[in-house]
Amino acid sequence: MASPDNVLQSQLPPATNPDVPVAEMSPTLSSSARLSRMKEKVTTKAGWFGGYDYGWLCLPTIPFLRSSRTRSPPFYALDADMPLVLAAASGLQHALAMLAGLITPPIIFASALNLDSQTSSYMISASLIGSGILSLVQMSRIKLFGGHYLGTGLISVVGTSFSALSTANAIFDAMYRDGTCSSVIAQDGTVTRSPCPDAYGKVLGTSLICSFLEIFLSFLPHRVLKRLFPPMITGTVVLMIGASLVGDSGAPNWAGGANDCQSRPTSGIFQLCPTIFAPRPLPWGSPEFIGLGFLSFLSIILTELFGSPFLKNISVIVGLAVGCIVAGATGYIDGSSITSAPAITFLWVHTFKISVYPPAILPMLAVYVSLAMEAIGDITASAEVSRVEVEGEDFDSRIQGGILSDGLGGFFSALFTVTPLSIFAQNNGVIAITRCANRAAGIWCCFFLILFGVLGKVSGAFLAIPNPVLGGVTTFLFASVAVSGLRVLSFVSFTRRDRFVLAAALSFGFADLLQPEVFTHLFDGVDNPNSGLQGLFNSITIVLSTPFLAAGIIGVTLNLVLPQEREERMVEESSEELDLEEQKKIPASSEDSKV
């Protein structure tokens, strides 16, 4: 028998009943009916605004007073009829939520290679435009041959992969060590890297040819992928990616810069951070830098505490904005990147000489394997919060289509002069909070991303963000990546065998993380190796010196080699069944608690 509350809920209109998906209330329409509905939508107030509670979306939260939010808005399913303003607002939230993650990798790449501001600004624009274009493909779900698909059909947006970021930094270091890129040594022994745009082109070319591995993996049965990359492996890889990025980029930038100034040389342009030519240069680790980064970090926390659902979804952008306002008022911002940036730009305004760097082939192949691992977890999470099945043939086809689109995205992103673009997980939180999994919002998100990229001055403004502000925000962002890995690991049953595999994988991961140069001298004792052998040595060194690659390879190998005891197998199977039941409950219950 239904309770009085449930009866009352069932009598509410779609705009106010949070428990009934809007899509289930609209029958399938013919082409002529769709045209009529579209005309009605653009010519009526209901079509523009609907009955959505915009106050819920925009009003701030009063901590500890839960009674102020007694009802959540309705859930908009994948193909629900959605008001135009709400679709645009939701799409803007998605775009802003992923913005910090999109602009961070090109800024770090440009800093590592000492590229000029015009090239750096273009790299940010290309990342935004490429993300918008390839996100449309990922959301499309195009049917191919033999029951295969391209895309997930969910709001699965893509962005520059953090795993590629971590690996590319190791590859750049190898290029400067072997002379592919030149460096200048000062009289006091300080080494300063010269600009090396060709290094970026080599990473793009190597990424392009390695993308075919992920394309191949997309056609493997889902059960095979699950056997190769169980949650124990994917969680470990994601954890190591986040932790290494905090140490390699987030924290150093917070203290003033992740470039040569962090060694605090006594001469040269990097005596002060970011350089001696900055508006207010200071030594690395100065309290002014630490305080500026902490202000941005604190702004994220306060936004989560007091902000409206809209602001909570873009709390990282709020942190950047507050930090930049204070930094601008105190004279830390150099506006030359904004002045030099073009008003309008697009792909291929700047180009890079694409070629292959042989020592990077093995690491980039491992990157694409990790991208396939991440895609499986991210697509599963997107399906959960979008209230679609997380098992069966339909779900398996979404996994297959998502991995295929990820692999093709790696190929075309290189042609777009962007490092591999893969599925972003941040947007799942936006779906959960706003209760909007509608693809119309995803299309608006792509529109805003392309718009931000085309407007060159926007990229110039992002490039002007001071290092401490960027570091305070990205430290939180990268730590969130590590927490995502911990969440995946929480689904592991942790039998004795699992604990052994995880301990072995983390042994290499933590060793790399805490002693970054532990494997860099592994082949120094080999006398006069030929160029091919030296390339192999460099490739192995890059893999072993990248925490998530080393941990992932050890984990995958041991997971395949070590047998399971019968009792442990029964425990694991029962645990997987329990996890599946819990996942089915997530969209219906835990979304509201996140608000």
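*Asks:* Which residues make up the overall build of the chain, and what values do they have?
*Replies:* Scanning the chain from terminus to terminus reveals 24 helices and six strands. Long-range contacts, defined here as pairs at least 24 residues apart, represent 81% of the contacts in the chain between residues at least 6 apart. When the accessible area of the chain is evaluated, it comes to approximately 25,600 Å², of which 65% is carbon and sulfur surface.

*Asks:* Talk me through helix 7 (residues 162-178); I want residue IDs and the actual numbers.
*Replies:* Counting along an α-helix, one turn takes 3.6 residues, and residues three or four places apart therefore face a common direction. Over its 17 residues, helix 7 extends 25 Å from the first C-alpha to the last, a length consistent with the 24 Å expected when each residue adds 1.5 Å. Of all 17 residues that make up helix 7, 14 are buried, and the element is covered over most of its length. Just downstream of helix 7, Gly-179 is the residue with a positive phi angle, here 90 degrees.

*Asks:* Explain unusual backbone geometry residue by residue, including any values.
*Replies:* At the junction of Cys-273 and Pro-274, the peptide bond is cis and its omega measures out at -5 degrees in the coordinates. Relative to the helices and strands, Pro-274 is located in the loop between helix 10 (231-254) and helix 11 (287-306). The phi torsion at Arg-141 lies on the positive side, around 60 degrees, for a residue other than glycine. Its place among the elements puts Arg-141 in the loop between helix 6 (117-138) and strand 1 (142-143). According to the relative accessible area criterion, Arg-141 is buried, its value standing at 18%. The backbone of Thr-417 shows a phi angle near 65 degrees, a positive value even though the residue is not glycine. Here Thr-417 shows up in the loop between helix 16 (393-415) and strand 6 (421-423). Under the relative-accessibility criterion, Thr-417 is labelled buried at 5%.

*Asks:* Give me the lowdown on the environment of Leu-347, citing residues and values where you can.
*Replies:* Relative to the elements of secondary structure, Leu-347 occurs in the loop between helix 14 (336-340) and helix 15 (361-385). Judged by its relative accessible area of 5%, Leu-347 falls in the buried class. Not counting the four nearest positions on each side in its chain, Leu-347 is found in contact with Tyr-122, Ala-126, Ile-129, Ile-133 and Phe-416.

*Asks:* Mind laying out the side chain of Ser-194, listing which residues take part and the relevant values?
*Replies:* Structurally, Ser-194 is set in the loop between strand 5 (191-193) and helix 8 (197-217). A relative accessible area of 15% means that Ser-194 is categorised as buried. Apart from the residues within four sequence positions on either side, Ser-194 is in contact with Leu-113, Asn-114, Tyr-176, Ser-182, Ser-183 and Val-184.

*Asks:* Got a sec to walk through the packing of aromatic side chains? Specific residues and values, please.
*Replies:* Counted according to the given criterion, the structure contains 17 aromatic pairs. Judged by centre distance (5.3 Å) and plane angle (85 degrees), the ring pair of Phe-411 and Phe-412 falls under edge-to-face. Plain terms: the ring middles of Trp-444 and Phe-448 are 6.0 Å apart, the flat faces sit at 35 degrees to each other, and that makes the pair tilted. Linking Trp-444 with Phe-448, this pair stays in helix 18 (residues 439-454), spanning four residues, or about one helical turn. By relative accessible area, which is 30% here, Trp-444 ends up partly exposed. Ring-pair connections join several aromatic residues into one group, and the members of that group are Phe-109, Phe-172, Tyr-200 and Phe-352. The residue whose ring lies beneath Arg-141 is Tyr-149, and the NZ or CZ to ring-centre distance is 4.1 Å.

*Asks:* With reference to specific residues and values, describe the state of the cysteines.
*Replies:* Within the structure shown, the criterion is met by two disulfides. Sulfur-sulfur distance for the disulfide between Cys-181 and Cys-196 comes to 2.0 Å. Classification of the bridge connecting Cys-181 and Cys-196 rests on its S-S torsion, roughly -65 degrees, and on that basis the disulfide is left-handed. Of this pair, Cys-181 sits in the loop between helix 7 and strand 4 (183-185) while Cys-196 sits in the loop between strand 5 and helix 8; the two residues are 15 residues apart in sequence, bridging distant segments of the chain. Here Cys-261 is linked by a disulfide to Cys-273, with a sulfur-sulfur distance of 2.0 Å. In this structure, the disulfide formed by Cys-261 and Cys-273 twists by about 105 degrees around the S-S bond and is classed as right-handed.

*Asks:* Tell me about the nonpolar core, and please be specific about residues and values.
*Replies:* Counting 141 residues, the largest nonpolar core has Phe-172 and Leu-320 as its most contacted members. Among the elements that line this core, the one with the most residues is helix 5 (residues 84-112), at 14 residues. Leaving out residues up to four positions away in the same chain, Leu-320 has contacts with Ala-100, Ile-103, Ile-465, Val-469, Leu-470 and Val-473.

*Asks:* Before we move on, could you go through empty space enclosed by the protein and cite the residues and values that matter?
*Replies:* Applying the stated criterion across every chain yields a total of one cavity of 30 Å³ or more. Computed from the structure, the largest cavity encloses a volume of approximately 30 Å³. If you trace the largest cavity, you find it lined by Pro-106, Phe-109, Met-123, Ser-127, Thr-160, Tyr-200, Val-418 and Thr-419. Counting only elements with at least two residues in the lining of the largest cavity, the list comes to helix 5 and helix 6.

*Asks:* A description of the packing of helix 11 against helix 20 (residues 467-489) should follow, citing residues and the corresponding values.
*Replies:* Between helix 11 and helix 20, whose axes approach to 7 Å, the crossing angle comes to 45 degrees. One way to sum up the angle between helix 11 and helix 20 is to call them oblique. Note that helix 11 runs across helix 20; the crossing there is right-handed. Residues Phe-289, Leu-292, Gly-293, Ser-296, Phe-297 and Ile-300 of helix 11 lie in contact with helix 20, whose contacting residues are Pro-468, Val-469, Gly-472, Val-473 and Phe-476. The residue makeup of the contact of helix 11 with helix 20, split by class, is eight nonpolar, three polar and no charged.

*Asks:* Which residues make up the pattern of salt bridges, and what are the values?
*Replies:* Oppositely charged side chains may form a pair once their charged atoms are brought near each other. Overall, the coordinates contain five salt bridges when judged by the stated rule. Here Asp-394 and Arg-141 are joined by a salt bridge, their closest N and O atoms 3.1 Å apart. Note that Asp-394 is positioned in helix 16 and Arg-141 in the loop between helix 6 and strand 1, a separation of 253 residues in sequence. On the accessibility criterion, Asp-394 (38% relative accessible area) is partly exposed. A salt bridge links Asp-173 to Arg-193; its shortest N-O distance comes to 2.3 Å.

Rules used in this analysis
- Residues numbered from 1 in each chain as written.
- Predicted model: local features only at pLDDT ≥ 70, side-chain atom pairs only at ≥ 80, totals over all residues.
- Heavy atoms only, no water.
- Helix = DSSP H or I, 4+ residues; strand = E, 2+ residues; numbered from the N terminus.
- Contact = heavy atoms within 4.5 Å.
- Areas by Shrake-Rupley, 256 points an atom, 1.4 Å probe, with all protein chains shown as cover.
- Expected span 1.5 Å × (residues − 1).
- Buried < 20%, exposed > 50% of the residue type's maximum accessible area, 1.4 Å probe, protein only.
- Phe/Tyr/Trp six-rings, centres within 6.5 Å; stacked < 30°, edge-to-face > 60°.
- Lys NZ or Arg CZ within 6 Å of the ring centre and 35° of its normal.
- Disulfide = S-S within 2.5 Å.
- Core = buried A, V, L, I, M, F, W, Y, C linked by side-chain atoms within 4.5 Å.
- 1 Å grid on protein atoms, 1.4 Å probe; cavity = no way out; pocket = protein on both sides within 12 Å on 5 of 7 lines; lining within 4 Å.
- Points joined across faces, edges and corners; volume = space filled by probe spheres on them.
- Axes fitted to C-alpha atoms, helices over the stretch in contact; angles between N-to-C directions.
- Parallel < 35°, antiparallel > 145°, perpendicular 65-115°, else oblique.
- Left-handed = near helix turned anticlockwise from the far one by under 90°.
- Nonpolar A, V, L, I, M, F, W, Y, C, P; charged D, E, K, R; others polar.
- Salt bridge = Lys/Arg side-chain N within 4 Å of Asp/Glu carboxyl O.

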